[in-house]
Every structure is written in structure tokens, then in C-alpha cells.
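Chain by chain, the residues:
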Amino acid sequence: MRLCMESVVIFFAKLNVWQKALILLIEFAFFWSLESAFGIFKTGKYKHAKINLFFWAWTLGINLIFAGLITGASVFVEKYRLGLLYLFELPFYLKIIFSFVLTDLIAVYFHHRLAHKIPAFWKLHIVHHSDTQMDFTTSLRHHPLEALIRVGFTILAVILVGVPTESLVFYQAVTFLFSQWIHSDSVLPEFWEKAISKIFITPGLHKVHHHKTLPWTDSNYGTVFSFWDRIFGTIRFKSEIEFGVDVLPDSEEREKSLIRLLLLPFRTEKEGYIDRSGRNQNISAWNPKENMQNY
């Protein structure tokens, strides 16, 4: 098991740019085919994907520009033995495990939770949440400035944890795959949903995060692991989901305009934005016993 893990990590670390691009295309084709065959949304799929792919192009460009900086941070901490992992002498496979788990905590969970709590971050993040027809392309729909902030949190995680370069590449590959999967227009059989969601975020869990109203929107922040939400008390369960975000009126016209969506965080008042402090928490709608029986 240990040798297999190390081999997989080294394999991803040695991939060149074109090989990584090919893997992305294969993942894209797989999820598109899966949703086309078994998904709920079968109409307007191309129009929906088009606007999200524009956002992906922006995010991809930012990631490519700053990839050297993220990798450089990893090389730096390895060279000078900085970060939490270098406080102990650990075998390589344990460094892989701990760096993956702790990077997920800082770069994903903490960042995502702050994106919902800090007003300026939230206005960027609503570009992602305003999608009312969720499928795997929704995972690609992030404002460029939010993508830039995510780069900053990844670098912070690398420095604090002391993430080895090989583990960093593996982490980014797995996180991207999980992000597409949990946003996908798919439903797991009940048994598998219950079993997998004990440790990992599933499409069923993440759909709750994209429900239109609180407290559901501010829950299930994880991308890979569900135990962070369990530990910090932010896990929620719900069966009937309405996608979107209640601080912003739905708009078909806005969804057709890339420029309008790019400017959305800076013109929220004109778009009818409702401040989060005035949102209905709707706590009474959450029945813990009913939901916990399902998971």
C-alpha cells in the first residue's frame, strides 16, 4: 500500500504540461458523458457549460501564471526544512498523507469558510453560487479574483505545512477531480452515499452546500474530506435542493453575459443584492434527527 501510494505520487509529479492537459480532457469527457447519460439536466447543457468554461479559462490562466510561485514555495520549504512536517522525522508516505490532509484543511476548508464569512470574499464567491443548474462545469465557475485568493491560500498551506513538491502536484490533481465529481449532476445509490460520505464529500453532500438558503449554504465546505465539516460542526444534510443563492435574484439575462458576471461582485446593489446580515437563517427548517437518520 505504501509503495503504491508513493508510486502514484511520483507518477503525477513527473507528468509534463501536455500529459496533464490530456488528463484534464479525459476527465472532462468522462463527466460530460456521465451526465448526458444519467444526469437530471438534459436540456440547455451546452449553453450552461459555455459560460462556465469561460470562467475556467480565466482560472486556468491564473493557475498557470502562479504555478511557478506555488511550486517555488514548495521547493523553498524543502530546501530550508520549513513547516510543520519538518518538526518531525517522517517517512515519505506519511509526509504525503499529512501534507494532503493539512493542505486540504487550510487551502480548501478554511478558505471556503472564510469566503462565506468575509463580505468582500463572499461577493466574489456568489459568482460560483449563483449557478442555478449545477453540474460538473459549475466546479470551473469561479471569479478570477477568487482564483487568485485561492492561490494565496495554497501558498500559505505549503509554507505552514511544509508540503513536498511531489505531494503538492498529487494534491492538486486529486482536488480537481473531486471538485468536478462533487459538483456533477449525478446521484449515488443510497448505500454508497451513506458509506462514502462518512469520510469524503459526495455529490449529495455538496448539493446541500449549493441549496439556495441558510443554514444550508453555509455548510459542507469541504471538497475532498467530510470529516473537517464534522469536526467543526458545519455538516448539514438535506434531500430536496433548490440551487442558487437567496442574496441575489435569479437572472437568465445575467447568466448569458460573461461581462455582467465578471462585474457582479462590484455592482451587487444594481443586481438586487441582499446583505447577508439580513438573510433568513431558516434554522427551524433544519431537522437534525430527520437528517441524521439518512446519514
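For clarity, every value in this text was computed on a predicted model and none was experimentally measured. (Residues numbered from 1 in each chain as written. Predicted model: local features only at pLDDT ≥ 70, side-chain atom pairs only at ≥ 80, totals over all residues. Heavy atoms only, no water.)

**Quick word on the side chain of serine 186**
Within the secondary structure, serine 186 is located in the loop between helix H7 (165–183) and helix H8 (190–196). Among the residues examined, serine 186 registers a relative accessible area of 16% and is labelled buried. Within the structure, the side chain of serine 186 is placed 2.7 Å from the side chain of serine 184, a separation counted as a polar contact. Discounting residues that sit within four places of it in the chain, serine 186 has contacts with Trp181, Pro203 and Lys207. (Helix = DSSP H or I, 4+ residues; strand = E, 2+ residues; numbered from the N terminus. Buried < 20%, exposed > 50% of the residue type's maximum accessible area, 1.4 Å probe, protein only. Polar contact = N/O pair within 3.5 Å; in protein donor to acceptor, adjacent residues only side chain to side chain. Contact = heavy atoms within 4.5 Å.)

**Looking at the UniProt feature "domain: Fatty acid hydroxylase" (unreviewed entry) in the protein chain**
As annotated in UniProt, the feature "domain: Fatty acid hydroxylase" (unreviewed entry) corresponds to residues 99–234 in the numbering used here. Split by type, residues 99–234 is 63% helix and 0% strand. Its first and last C-alpha atoms lie 23 Å apart. (UniProt positions renumbered as here; feature names shortened; annotations may be inferred.)

**Some thoughts on the nonpolar core**
With 43 residues, the main nonpolar core has Phe100, Val158, Phe170, Phe178, Phe225 and Trp228 as its most contacted residues. Looking at this core, the elements that each hand over two or more residues are helix H1 (2–13), helix H2 (17–38), helix H3 (45–80), helix H4 (92–117), helix H6 (144–161) and H7. Beyond its immediate chain neighbours, meaning those up to four positions away, phenylalanine 225 contacts Phe100, Val101, Asp104, Ile199, Phe200 and Ile201. Counting residues in each nonpolar core, the second largest holds 13 residues, with Phe55, Ile126, Leu248 and Leu264 among its members. (Core = buried A, V, L, I, M, F, W, Y, C linked by side-chain atoms within 4.5 Å.)

**Looking at the environment of aspartate 229**
On the secondary structure map, aspartate 229 appears in helix H10 (residues 227–231). Residue aspartate 229 is classed as buried on the basis of its relative accessible area of 1%. Setting aside anything within four residues of it in sequence, one finds aspartate 229 in contact with Tyr109, Ile201, Ser219, Asn220, Tyr221, Gly222, Thr234 and Ile235. Within the local environment of aspartate 229, its side chain forms a polar contact with the backbone nitrogen of tyrosine 221, the two atoms lying 2.9 Å apart.

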